[in-house]
Amino acid sequence: WISNESFLGDFGMGGLHMKVGGYVVSSKIFSESLYAERGVDWLIGAHVSKVESGKVEYELLDGSKGEETFDFAMLIPPFAGVGLKAFAKDGSDITGTVFAPNGFMKVDANYNAGAYENWKASDWPRTYQNPTYKNMFACGIAFAPPHIISKPMSSPNGTPINPTPPRTGMPSGIIGKAVAHSVCDLITKGDGAHLHEASMAEMGAACVASAGKGLFTGTAAAMTVYPVVPDFEKYPGTGRDTDYTFGEIGLAGHWIKHILHHLFIYKAKLKAGWTLIPE
Ligand SMILES: Cc1cc2nc3c(=O)[nH]c(=O)nc-3n(C[C@H](O)[C@H](O)[C@H](O)COP(=O)(O)OP(=O)(O)OC[C@H]3O[C@@H](n4cnc5c(N)ncnc54)[C@H](O)[C@@H]3O)c2cc1C
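Residues numbered from 1 in each chain as written. Predicted model: local features only at pLDDT ≥ 70, side-chain atom pairs only at ≥ 80, totals over all residues. Heavy atoms only, no water.

Moving on, we come to the side chain of T95. Take T95: it is sitting in helix α2 (residues 95–98). Here T95 falls in the buried class, since its relative accessible area comes to 15%. Discounting residues that sit within four places of it in the chain, T95 has contacts with L84, K85 and A86. (Helix = DSSP H or I, 4+ residues; strand = E, 2+ residues; numbered from the N terminus. Buried < 20%, exposed > 50% of the residue type's maximum accessible area, 1.4 Å probe, protein only. Contact = heavy atoms within 4.5 Å.)

Once that is clear, we can look at helix α4 (residues 251–268). Given a rise of 1.5 Å per residue, 18 residues ought to cover 26 Å, and the 26 Å separating the end C-alpha atoms of α4 matches this to within 8%. Among the structural elements, β6 (205–210), β7 (220–225) and β8 (246–250) are those in contact with the buried residues of α4. (Expected span 1.5 Å × (residues − 1).)

Let us look at the site of the ligand. Residues in close proximity to the ligand include M74, I76, V82, C139, G140, I141, R167, T168, G169, M170 and S172, which together make up its full environment. A distance of 2.8 Å separates an oxygen atom of the ligand from a polar atom in the backbone of I141. Contact between the ligand and R167: an oxygen atom at 2.3 Å from a main-chain N or O atom of the residue. Protein chains shield 34% of the accessible area of the ligand, which is 1000 Å² for the free molecule. Taken together, the residues of the shell around the ligand break down into 6 nonpolar, 4 polar and 1 charged. (Near = heavy atom within 4 Å. Polar contact = N/O pair within 3.5 Å; in protein donor to acceptor, adjacent residues only side chain to side chain. Areas by Shrake-Rupley, 256 points an atom, 1.4 Å probe, with all protein chains shown as cover. Nonpolar A, V, L, I, M, F, W, Y, C, P; charged D, E, K, R; others polar.)

A separate point is unusual backbone geometry. A cis amide bond links Y226 with the next residue in sequence, P227, at an omega value of -10 degrees. Secondary-structure assignment places P227 in the loop between β7 and β8. Phi is positive for Y128, close to 70 degrees, though the residue is something other than glycine. Note that Y128 resides in the loop between α2 and α3 (169–189).

Turning our eyes to something else, we now look at the sheet that holds strand β4 (residues 55–60). Strand order in this open sheet of 3 strands is β3-β4-β5, and the pairing throughout is antiparallel. Looking along the sheet, the strands with just one partner apiece sit at the ends: β3 (46–52) and β5 (65–69). For this sheet, the mean angle separating the axes of adjacent strands, direction not counted, is 25 degrees. Two strands pair when backbone bridges link them, and β4 and β5 are joined in this way by 5 bridges, in the antiparallel orientation. Following the sheet pairing, E57 is matched in β5 by E67. (Pairing = 2+ DSSP bridges. Axes fitted to C-alpha atoms, helices over the stretch in contact; angles between N-to-C directions.)

This part is about the nonpolar core. In terms of nonpolar packing, the biggest core is built from 38 residues, with F30, Y128, F143, I175 and M200 touching the most fellow members. Listed by contribution, the elements that provide at least two residues to this core are α1 (27–37), α3 and β7. With 4 residues, the single largest contributor to this core is α3. Those residues in contact with F30, other than ones at most four positions away along the chain, are M18, V20, V25, A221, M223, G247 and E248. (Core = buried A, V, L, I, M, F, W, Y, C linked by side-chain atoms within 4.5 Å.)

To continue, consider the pattern of salt bridges. As enumerated under the stated definition, the model contains 11 salt bridges in all. In this structure, D185 engages K189 in a salt bridge whose closest nitrogen and oxygen atoms are separated by 3.8 Å. Of the two residues, D185 and K189 both sit in helix α3, 4 residues apart, roughly one turn of that helix. Relative accessible area serves as the criterion here: at 62%, K189 is assigned to the exposed category. Sharing partners across several salt bridges, the network here consists of K50, E52, K55 and E67. (Salt bridge = Lys/Arg side-chain N within 4 Å of Asp/Glu carboxyl O.)

Written as C-alpha cells, this is what we have:
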C-alpha cells in the first residue's frame, strides 16, 4: 500500500477520532491494526514520481527516494479537473474565471483562506454556484475545494506530498441532489430563488470498506464521520462529533456493503420507490 497520506488513516481528512467499542480511537491505530492483521505493508508520505511496467519510483516526505515492484497495481492519479477550456460569447478565453488552476470549477468557497492555521470550516462551499456565472454549478468531484483538509506537507526537495480531500460517493450524491433542487428552483421560481445548501463542513458521511467477501466469513470496516470537514470551533479537540463518528469491523459491515450495493444499483436504475433510498 503506497499513499501520499502523511500517516495511515489520514484519508485526506487529516485523520479522525472515532468511537470503537466504547473507546475513542484514532484512525491511524484503526487502519494500522487492520493492515497489520492482514499482512499488508504500507509506505506513506510517498509521492509516486514514475510508473514503469512492474515498477514504481517514489519520493518520501523525508526527501529519500525509493522504488517498489509489483505484479498488479491500481494507481489513483493526482486529482485534477478534466481540463475543460471555457470561452465567452465573444470568443475570449474565460477558463481562468470559471476554473481553478487544478482544473476544478470555482464555486462559492473561500479561496483566499491563506495558511493552514487560518483554515476554517466556513471556507467550504455551500451552494456550489460559480461566483461569476450564476447559471453554472459544480458538484461532487467537479468543484474546486478551498484548500486541502490534511495538514500540508512537502519534502525537503520542495515536492508537495498531500492527499486530496475526499469527495466520495455519499457527499457527491448529497451535493448533486442540493444542486439539482437549486437548478429546478431557479427555473420554476426565477433568479431570486433560494439556493439549496450542502456544506461538507456540516455533512456526515458513511464509508464501508470491504475487507473480505463471504456470506458468513466476510468482513468490512464501516465508518461514519461527522462532519467530513473538521470544525474545530464547534467541536474543539478532534474537530468532529464523536457521537456520530464511529467505526466497526466485522460481518455486519459486509452485509451492509452487500445490501447497499443492490440498493444503489436499484436507485441508479430509477426503479419504483428509488427516491426513498438515500444517497
Ligand atoms: C478507485 C476508487 C474507489 C472509490 N471507492 C469509493 C467507495 O468505496 N465509496 C465511496 O463513497 N466513494 C468511493 N470513491 C469515490 C467516488 O467514486 C467518487 O467520489 C464519486 O464517484 C464522485 O462522483 P461525481 O458524480 O462527482 O463524479 P464521477 O462519478 O467521476 O462522474 C463524472 C462523470 O463526468 C463524465 N465526464 C467527464 N468529462 C466529461 C465531458 N467532457 N462531457 C461529459 N461527461 C464528462 C465522466 O465520464 C463521469 O461519468 C472511489 C473512487 C475511486 C477512484
